[in-house]
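# Commentary on secondary and tertiary structure
Here is what each chain is made of, one letter per residue.
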Amino acid sequence: MNLLLKEIRHNPLLWLLVFVPAVFAGQALKPEAHTLLFALSVLAIVPLAALLSHATESVAAKTGDAVGGLLNATLGNLTELVIALTALHAGQYMLVKASIAGAIVTNTLFMLGASFLLGGLKYHTQEFNRGSARMQAGLLFLATVALLIPSAVSGSDSTAGAAFIEELSVGLAVLLIVVYGMGMLFSLKTHRELFGSAEAGETGETPWPMSLALATLAGVTVLVALVSEVFVESVQEAAVAFGMTPAFVGFIVVALVGAAAEMASAFSGARKNRLDLSVGIALGSASQIALFVAPVLVLLSYVIGPTPMTLQFWPGAVVMMFIATMTAALVTNSGRSAWFVGVLLLMVYLTFAMTLYLLPPRVQ
């Protein structure tokens, strides 16, 4: 417990934990103040995500590379998954799909671009494992194709009814989960020697004891679930007050908030010349969302959702995901980066954000 308190005292991001009880107090005293609850829940999720990330890294450091990598892949996007599950249970499928598409675009463009920019401002050029980046980009491309097909078929074939799209989505979800498992086996077991770092960089922090890390994981997961419920309940009314649609909130706000802890790790790694860590977090997280989180949400919609959810996204989201994937594959192909490469990625992301804000997509 002393280690946890010490971490909170020395990490300004964790000072935002004061907003966690504030969320619950606001929900009890003013449940109709949706804009206030939305702002408080966003501020509360950020430090909880940071704690979750630190605890996950501590457990991974104790269990070894293979198990640790699997654990990071499983828990790395837990914040986004909990928010999406809460929205799924509430039947807010536009918010769920927007958060999925937004997380993929945010990780491949904003997180990767900002890492290149921050690292490039300190180092003239930086290198990373081209093979690992190519592997993650390939997985992401495969997932993007699978997410594109339902929308393309329904738009071009008038005979493609709702039942067909539901069946196709379930089949694609199963295939993506299988590919995700095979990719984990390939990178962590059979060909793990191909995915070493290009440079050692600076060493990380001392991990927490296993008992503290596991207790923190359990406690923070419960808190994230409770805060996410408040967030999802208030997001629609707050979006109207801020002049935003739920699609924009999911695509931009939820993606940025849910990935706050991962971004902190990616940016820190880039500044320490550990660009393999940054690229791995950005592309690995994006491919995990596309290959695992999205398919799991489709399957779980049959259990906890009011109606089945499909992998049919609005056309704008499909185009943005495809462009983001192609852009990431293009800039990571050389295995080297500089600050201006980061600027290019960020400009593509800002183009998408501006477009979504000014011209919201049509609800399907």
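In short, a report on the structure. (Residues numbered from 1 in each chain as written. Predicted model: local features only at pLDDT ≥ 70, side-chain atom pairs only at ≥ 80, totals over all residues. Heavy atoms only, no water.)

### A short note on the packing of aromatic side chains
The relative placement of two aromatic rings is captured by the distance of their centres and the angle of their planes. Inspection of every chain in the model, using the stated rule, returns six aromatic pairs. Taking 5.7 Å as the distance between ring centres and 85° as the angle between the ring planes, the aromatic pair formed by Trp339 and Phe340 counts as edge-to-face. For Phe340, a relative accessible area of 45% gives the class partly exposed. (Phe/Tyr/Trp six-rings, centres within 6.5 Å; stacked < 30°, edge-to-face > 60°. Buried < 20%, exposed > 50% of the residue type's maximum accessible area, 1.4 Å probe, protein only.)

### Brief notes about a nonpolar patch on the surface
On the surface, Phe141, Val145, Ile149, Phe322 and Met326 cluster together to form a nonpolar patch covering roughly 360 Å² of accessible area. Elements with a minimum of two residues in the nonpolar patch: helix 7 (130-156) and helix 13 (315-331). Sort the elements by how many residues they give to the nonpolar patch and helix 7 lands first, with three residues. Using a relative accessible area of 34% as the deciding quantity, one classes Ile149 as partly exposed. (Patch = residues over 30% accessible without salt bridge, like charges linked within 9 Å, V, L, I, M, F, W, Y side chains within 5 Å. Areas by Shrake-Rupley, 256 points an atom, 1.4 Å probe, with all protein chains shown as cover. Salt bridge = Lys/Arg side-chain N within 4 Å of Asp/Glu carboxyl O. Helix = DSSP H or I, 4+ residues; strand = E, 2+ residues; numbered from the N terminus.)

### Concerning the nonpolar core
Core analysis: the biggest nonpolar cluster contains 112 residues, and Val105, Phe231, Val249 and Leu297 have the highest contact counts within it. Setting aside anything within four residues of it in sequence, one finds Phe231 in contact with Phe38, Ser41, Val42, Ile45, Ile83, Val249 and Val254. (Core = buried A, V, L, I, M, F, W, Y, C linked by side-chain atoms within 4.5 Å. Contact = heavy atoms within 4.5 Å.)

### Looking at helix 9 (residues 210-241)
The end-to-end C-alpha distance of helix 9 is 44 Å, a good match for the 46 Å that 32 residues give at a rise of 1.5 Å each. The largest bend in helix 9 amounts to roughly 50° and is located at Val235. Following helix 9 by one or two positions, Gly243 adopts a phi angle in the positive range, close to 75°. (Expected span 1.5 Å × (residues − 1). Bend = angle between axes of the 7 residues up to and from the residue.)

### Section: the packing of helix 11 (residues 260-271) against helix 12 (residues 275-304)
Two quantities define a packed helix pair, namely the angle between the axes and the distance from one axis to the other. Contact pair helix 11 / helix 12: the axes reach a minimum separation of 7 Å and the direction vectors enclose 150°. As far as their axial angle goes, helix 12 and helix 11 are roughly antiparallel. In the packing of helix 11 onto helix 12, the handedness of the crossing is left-handed. Residues Glu262, Ser265, Ala266, Gly269 and Ala270 of helix 11 form the contact with helix 12, whose participating residues are Leu275, Leu277, Ser278, Ile281 and Ser285. (Axes fitted to C-alpha atoms, helices over the stretch in contact; angles between N-to-C directions. Parallel < 35°, antiparallel > 145°, perpendicular 65-115°, else oblique. Left-handed = near helix turned anticlockwise from the far one by under 90°.)

### Brief notes about the environment of Ala225
Along the chain, the position of Ala225 falls in helix 9. Ala225 sits 180 residues away from Ile45 along the chain, and the two C-alpha atoms are 9.7 Å apart. With sequence-adjacent residues up to four places away left out, Ala225 is seen in contact with Val82 and Thr86.

### Points about unusual backbone geometry
Unlike most non-glycine residues, Asn273 shows phi in positive territory, near 65°. Tracing the chain through its elements places Asn273 in the loop between helix 11 and helix 12. For Asn273, a relative accessible area of 21% gives the class partly exposed.

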